[in-house]
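Coordinate analysis (summary)
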Amino acid sequence: MTKDMTNGSPFRQILLFSIPVLLGNLFQQFYSMVDTIIVGQFLGEDALAAVGATGSIMFLVLGFAMGFSQGFGIMVAQAFGAKDEKRLKHVVALSFMLSILISVVLTVITVTVSRRLLILMNTPDNILDMANSYITVIYCGIIASMFYNIGAAILRGVGDSKTPLYFLIFSSALNIGLDLFCIVTLQLGVAGAAYATVISQGISAILCLIYMNKKFTILRTSRADYYMDGHTIASMMKLGIPMALNYSLIAVGTITLQSAVNIFGSSAVAAFTAASKVEQISTQSMPALGTTMSTYCGQNLGAGKYDRIASGMRKAFLIAMGTVALAAFICVVLGRPIVSLFLKEPSETVYDYATQYLNTISCFFFFLALIFLYRTALQGLGKSMMPMFSGIFEMICRVVVVWLLLTPYGYWAVRLASPVAWIGAGIPLMITYYLWIRKKCPRQPKQPKNA
């Protein structure tokens, strides 16, 4: 059930591996979207705005945890590519131990400061209490999210992109059922949607870990694998911390953007929430390709196959261009119909805010594709510093655009903040990769033709 990506056709392996990852991402977005639709349809515009207002601070923390999971998964991929089973099991054991520690620390901190963060973000008073009740439950369930992501990252590290998909499908179906039960039957309000998310992720995480232990001999750990090893921990943290910080830095920029949206009132917040869901759905093929290239590069780095890395990245770039065209089509052509799903009777104000945002960002998806492709490739290659710096560039660009343009140009600042951030982050990543690959695979001088 594992997949060795160090042999065979790079294009075929990249495509076959990325399809289950894409389906998994789409299901994740699907149940997130259904979550939002149920809230909007049954609880109204203010409730939808309350859930949307928490999106950036939720990503701030859950993205931080996800970064660690992905970093640990890259260590698994490198050990698997090097055919070092003893080290592989030790990395898996340490991943579990570190995940528990990180989850506990994050939960204590975030539950304490959640309301203050919402106030700092200019969250409208009429949705503040609902937003805080939602995000508090989500933060209490950090450990469920962490363990689902670490299980999925480990499985992908050994080349299995299908099993995480199956558990995500199960989690999605369970989440939808729990949404209706908690919101409609138990009448728990927006907190009910959060309970549904945490419970479904927790059950999925437990089942994923049990299945992994039973079906994958190379991942089956014993007591001997659970020991503190400073060198391995340092290597894991060297990958995990920059990736976690990268997500958090991006989230800081997103928080600034959300704060700007909040100024325009709850209708704008609801519109931005719906438009963001359309954006996320349309671009899911980009992170799916990125996840694939992280595993592909990690395994081939472990095997020392630099030429194969270069070949695979060329194929992945062509695939990325296809994802750009698809994402732009969905946003421009299907954006308004999808937005209409979130509310019973959306006003023209909601439609205007949403479509203006989608039409603008779709023109810059090329640079977003560069970020997902080259950031994850560099992370898989163990080059985690530039991805972290790119997150800093992305954050700075968003903050500067909002700061400079919000007062004179209003909503244009919201529309341009992400595109400028993508340009600022994507180009340095691409340059860094090509400098690395040219060093590892120098071009051979052309041989003179025989007369």
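Structural notes, computed from the coordinates. (Residues numbered from 1 in each chain as written. Predicted model: local features only at pLDDT ≥ 70, side-chain atom pairs only at ≥ 80, totals over all residues. Heavy atoms only, no water.)

1. A word on the overall build of the protein
Spelled out, the test is: Numbering of helices and strands starts at the N terminus; helices are DSSP runs of H or I of at least 4 residues and strands are runs of E of at least 2. With the radius of gyration taken over C-alpha atoms, the globule rule is written as 2.2 Å times the number of residues to the power 0.38. In this scheme, a residue with accessible area under 20% of its type's maximum is buried, one over 50% is exposed, and one in between is partly exposed, where area comes from a 1.4 Å probe on protein chains only. Every residue pair with non-hydrogen atoms within 4.5 Å of one another is taken to be in contact. All accessibility values rest on the Shrake-Rupley procedure with a 1.4 Å probe; residue burial counts only the protein chains present in the view. All tallies of charge rest on Lys and Arg as positive and Asp and Glu as negative; His and the ends of each chain are not included. In this description, the location of a charge corresponds to atom NZ of lysine, CZ of arginine, CG of aspartate or CD of glutamate.
When its secondary structure is counted, the protein shows 16 helices and 0 strands. Its C-alpha atoms give the protein a radius of gyration of 22 Å, within 12% of the compact-globule value 22 Å for 451 residues. Projected onto its principal axes, the C-alpha coordinates of the protein cover approximately 70 × 60 × 35 Å. Per-residue burial over the protein gives 57% buried out of 451 residues. Taking the contacts inside the protein whose residues are at least 6 apart along the sequence as the reference set, 84% of them involve residues at least 24 apart. Carbon and sulfur atoms provide 66% of the accessible area of the protein, an area that totals close to 18,500 Å². Across the protein, the 32 positively charged side chains and the 18 negatively charged ones have centroids separated by 16 Å.

2. Observations regarding the packing of aromatic side chains
Basically, it comes down to this: Any two of the Phe, Tyr and Trp rings considered here, Trp counted by its six-membered ring, make a pair once their centres fall within 6.5 Å; the pair's planes then place it as stacked at under 30 degrees, edge-to-face at over 60, or tilted in between.
Using the criterion set out here, one finds 15 aromatic pairs in the structure. With 5.8 Å between their ring centres and 65° between their planes, Phe-167 and Tyr-211 make a pair best called edge-to-face. Here Phe-167, found in helix H7 (residues 162–185), pairs with Tyr-211, found in helix H8 (residues 190–215); they are 44 residues apart in sequence, far enough to count as distant. Looking at Phe-167, the relative accessible area reads 13%, which means it is buried. On the accessibility criterion, Tyr-211 (25% relative accessible area) is partly exposed.

3. Considering a nonpolar patch on the surface
We apply this condition: Two joining distances apply to patches: 9 Å for like charges and 5 Å for nonpolar side chains (Val, Leu, Ile, Met, Phe, Trp, Tyr), and every residue must have over 30% relative accessible area and no salt bridge. Just to be clear on terms, a salt bridge is a Lys or Arg side-chain nitrogen sitting within 4 Å of an Asp or Glu carboxyl oxygen.
Together, Phe-170, Phe-181, Leu-186, Leu-188, Tyr-195, Ile-199, Ile-203, Ile-206, Leu-207 and Ile-210 make up a nonpolar patch on the protein surface, roughly 850 Å² of accessible area in all. Of all the secondary structure elements, the ones that give two or more residues to the nonpolar patch are H7 and H8. The element contributing the most residues to the nonpolar patch is H8, with 6 residues. With respect to the helices, strands and loops of the structure, Ile-199 is situated in helix H8. Overall, the relative accessible area of 40% leaves Ile-199 in the partly exposed class.

4. Quick notes on the environment of Gly-302
Position of Gly-302 relative to the elements: it lies in helix H11 (residues 285–302). The partly exposed category is assigned to Gly-302, whose relative accessible area is 32%. Between the alpha carbons of Gly-302 and Ala-77 there is a distance of 7.8 Å; along the sequence they are 225 residues apart. Ignoring anything within four residues of it in the chain, the contact list for Gly-302 reads Gln-78, Gly-81 and Ala-82.

5. Remarks on helix H14 (residues 365–380)
In plain terms, the rule: Expected span, for any helix, means 1.5 Å times one less than how many residues it has.
Helix length check: H14 (16 residues) gives 23 Å between terminal C-alpha atoms against 22 Å at 1.5 Å per residue, within 8%. Buried residues dominate H14, accounting for 13 of its 16 residues. At the C-terminal side of H14, Gly-382 shows a positive phi close to 80°.

6. Some words on unusual backbone geometry
One non-glycine residue with positive phi stands out, namely Lys-83, at about 60°. Structurally, Lys-83 is set in the loop between helix H3 (55–81) and helix H4 (85–120). The exposed category is assigned to Lys-83, whose relative accessible area is 55%. One non-glycine residue with positive phi stands out, namely Asn-122, at about 60°.

7. What about the side chain of Thr-323?
Threshold: Under the rule applied, a polar contact is a pair of N or O atoms within 3.5 Å (in protein, one hydrogen donor and one hydrogen acceptor; residues adjacent in sequence only if both atoms are side-chain atoms).
Residue placement: Thr-323 occurs in helix H12 (residues 306–339). Of the residues examined, Thr-323 reaches a relative accessible area of 7% and is grouped as buried. Of note is the side chain of Thr-323, whose polar atom sits 2.5 Å from the backbone oxygen of Ala-320.

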